[in-house]
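Understanding the architecture of this molecule
For reference, the chains in residue letters:
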Amino acid sequence: MTAKKKDEAFNSESIETIRESNELFSLFMRHSPVYTYIKSVTPTESRILQASDNYQQMLGISNLDIVGKTMKELFPSEFAAKMTADDWAAFANGNVLILDKYMNDRNYVTIKFPFVKGDTNLLGGYIVDVTVHEQAEKALRTSEENFRRSHDDFPLGICIVTSDDEILYANKAMLSIYGCDNIEDLKAALFQEKHSNENYEISIARKDGEIRCFEIFRKEILWNGEPRQQLLYHDV
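What counts and how
- Residues numbered from 1 in each chain as written.
- Predicted model: local features only at pLDDT ≥ 70, side-chain atom pairs only at ≥ 80, totals over all residues.
- Heavy atoms only, no water.
- Pairing = 2+ DSSP bridges.
- Helix = DSSP H or I, 4+ residues; strand = E, 2+ residues; numbered from the N terminus.
- 1 Å grid on protein atoms, 1.4 Å probe; cavity = no way out; pocket = protein on both sides within 12 Å on 5 of 7 lines; lining within 4 Å.
- Points joined across faces, edges and corners; volume = space filled by probe spheres on them.
- Nonpolar A, V, L, I, M, F, W, Y, C, P; charged D, E, K, R; others polar.

**Structural notes on the pairing of strand E2 (residues 46–51)**
- Relative to E2, strand E1 (residues 35–41) runs antiparallel, the two sharing five bridges. Directly across from Tyr37, in E2, lies its bridge partner Ala51.
- Joining the antiparallel neighbours E1 and E2 is a turn of four residues.

Following this line, the structure appears as structure tokens:
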């Protein structure tokens, strides 16, 4: 093979490699499940050079309509100014920047990272919609708060203990039964005798000297993922 033919073959392979690389990148941007972009950045301007197809879902604008535009052309002035400043800060510091953003009633986590191509300052980024995840976390916190409140305000005494009768939790009624102000006082006042039966009766001497009788219902439960004992105190 002559040198000319070798050069032609090499050029043909190089062109094919570039074409395949561009096609692969296009497929990535088309099918990315998270919002993906590349921007050119300066201290005063942040311009989108590449954007994934799913930007239509977040902005209501095709990615073809946002490529080449600055933040000032896409967003309200105050929001655009902050985004431009954040972009430049991420590039200037040379660090990965992780931010929480709220837009159009949705919560997002943005990850930005700097790189350079020639004389152009570039910033890559991913934006993940975490709205559903945060709603689930909020619902879980609310459920836990409701559960704890229902225990705290329950009229019968409730106490959660380990297998060695170490107190982990006591509700208001339980503290009142022993005439205690807090769980530390209760630990000192709680009966020393250990009971293995599920149900039993006990006489309790309050701190003020009053003697009261209670029926105790004891059963195993899961508390913070661990097997514990729940004691329910019924005044008889």
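After that view of the structure, there is still more to cover.
**Here we look at the layout of surface pockets**
- Looking at the largest pocket, its volume works out to about 150 Å³.
- Around the largest pocket, the lining residues are Glu144, Phe147, Arg148, Leu222, Trp223 and Asn224.
- Those elements giving two or more residues to the lining of the largest pocket turn out to be helix H6 (131–152) and strand E9 (211–223).
- With three residues, the single largest contributor to the lining of the largest pocket is H6.
- Residue classes in the lining of the largest pocket are distributed as three nonpolar, one polar and two charged.

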